[in-house]
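# Residue-level structural notes
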Amino acid sequence: MQRRWVPLVSVMALFLFMGDQCELVFDVVFLLGSQLRRHELPPKKPTPPVAAPNVASTSSDLATTQGDVLIVGGVTTYNTQAVLEFYNPVSQKFKNTGYSGGPSGFTALEIFSGPHPGQILVAGGANGTATISTTGLMTFKVSVPRSAQLYNFSSHVLSETGSLNDGRLLDTATLLPNGKVLIAGGFDKSGNPLASTELYDPSTGKFSLAASMTMRRAMHTATLLDDGTVLLAGGVNDAQGDIFGNAEIYDPTTGTFTATPGQMPQGDGVAGHTATLLATGNVLIAGGFNAFVSGGVVSAIYTTVNTALLYDPTSKQFTTTGNLIDYPAMHSATLLANGTVLIAGGYSGQAFWDLNGKVQGADQSGVLDSAEVYNPATGTFTCIGGVKNNACAASMVNARAGHSATIFASLGAATVAASSPTTLSGKVLLAGGVRAKASTVNTKNPPEALATAELFDPVNLKFTATGKMNSPHAFHSAVIILPLTEF
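Residues numbered from 1 in each chain as written. Predicted model: local features only at pLDDT ≥ 70, side-chain atom pairs only at ≥ 80, totals over all residues. Heavy atoms only, no water.

## Concerning the sheet that holds strand S8 (residues 119–123)
The strand order across the open sheet formed by four strands is S7-S8-S11-S12, and the pairing between neighbours is antiparallel. Lying at the two open borders of the sheet, with one neighbouring strand each, are strand S7 (109–111) and strand S12 (157–160). When strand polarity is set aside, the average angle formed by the axes of neighbouring strands in this sheet is 35°. (Pairing = 2+ DSSP bridges. Helix = DSSP H or I, 4+ residues; strand = E, 2+ residues; numbered from the N terminus. Axes fitted to C-alpha atoms, helices over the stretch in contact; angles between N-to-C directions.)

This is the structure in structure tokens:
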């Protein structure tokens, strides 16, 4: 694969930005889209009952409840393997379900309709390996399968469902009001961004091709708006790695895509950004990276940005709002109970891809251990830990990018409080991701996927460590288990 998206994904998703400083051969193992696989859990004392066929375990400590967070798949390093596990907000510990594999760069979703509601749809992604030589040259062996599965979190049974029509990586998945799932864009097996979309119907368990988008997109965002339509914004638009500043709307009632009349007013547009639906109905587009593609010695330059935009569904226009203090991409954005938005972690800096296929980055490039909050009332960002050297000071337990962020307020305070003596209502679980700093990467301090997790308390504005995952996860999916009445 000699497409520009390969180093683009490498830099932003796997942190291959070590340039001439790198003195190691580094294997990054993808467990991105191969099917989830059953493996035996270590025996415990006393030994639990023998598991039934296709069931990970019948031990009572695997009982899943409303408010648990399911962690699926992801990128790992050094030939380790990600396991499917869930976080219990009562014990604040992670439990291994007994399955490994799953997608990365794809959104796992809880299905609320069809003959088997309350299951998790897992589809898409890629599998394979990426190797970096001592000179920083990358070698990719990646496939993009079309497989899809359903995981039943109550019984821990895994079942096959229909296959995607197009294998795709770094696409989006959006649960529509009618219960179907819109799968849009992503990279195909040749590294080309796709314009194709498809719909998953829980009542039939099948994927069907839908209308094509107005633009090819990968590493974009898809946001379900209050009127039931979907905003698809930004992303990589061609095999050369170009990023254009455009967006479009999907209308599920007509099954059509229409370009927004307003463009994204920040130059070349962004990919690897976040899109958050605010209480006002507007969408906050924050951070990400843009690209400069040329035919010179340096053929592509990717730079993270600190710009933020607001999309107004009424006028269908984008407007600028206050700038972030940091310059994050592959960060997380979480709408808090008070209407503000937590922006946490991410990769920050610049990366270059030359014609020899070598990726390099500025010494200051790396992963952030800082966070900031956006206030829609004032249109401004404020650092959690204050400002230091014109950037947000460290405030997180770990630097992390490509992590997941899940807010427990989704269940409502009463639901969580009733089941937990130490309520996590309103708090945010940040799990996994990768960490590295370009200026300090060497054989003793390589980039690595994380098994750590932390909680953000929006009242005290502090991050604290919580239970450790059973395996590292980066660019994975996290799904909070909701009661069917919440839909």
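## Looking at the confidence of the model for the chain
On average, the chain scores 78 in pLDDT, and the residues at 70 or more come to 71%. Every residue in residues 1–34 is under pLDDT 50, and counting partners more than four places away or in other chains gives 165 contacts. Taken as a whole, residues 39–60 scores under 50 in pLDDT and shows 37 contacts with residues more than four places along the chain or in a different chain. (pLDDT = per-residue confidence, 0-100. Contact = heavy atoms within 4.5 Å.)

## Focus: the state of the cysteines
Going through the model one piece at a time under the given rule, you end up with one disulfide. Each sulfur in the disulfide pair cysteine 383 and cysteine 392 lies 2.1 Å from the other. Residues cysteine 383 and cysteine 392 are joined by a disulfide whose S-S torsion is about -75°; by sign, that bridge is left-handed. When its relative accessible area of 10% is taken as the criterion, cysteine 383 is described as buried. (Disulfide = S-S within 2.5 Å. Buried < 20%, exposed > 50% of the residue type's maximum accessible area, 1.4 Å probe, protein only.)

## A few points about the pattern of salt bridges
Scanning the model with the defined rule gives four salt bridges in all. For aspartate 166, the salt bridge goes to arginine 168, with nearest N and O atoms at 3.5 Å. Between arginine 400 and glutamate 454 there is a salt bridge, with its nearest N and O atoms 2.9 Å apart. Of this pair, arginine 400 sits in the loop between strand S36 (391–392) and strand S37 (404–407) while glutamate 454 sits in strand S41 (residues 453–457), and the two are 54 residues apart along the sequence. A relative accessible area of 0% means that arginine 400 is categorised as buried. The class of glutamate 454 is buried, set by a relative accessible area of 0%. Connected through salt bridges with shared partners, the residues Asp166, Arg168 and Glu198 form a single ionic network. (Salt bridge = Lys/Arg side-chain N within 4 Å of Asp/Glu carboxyl O.)

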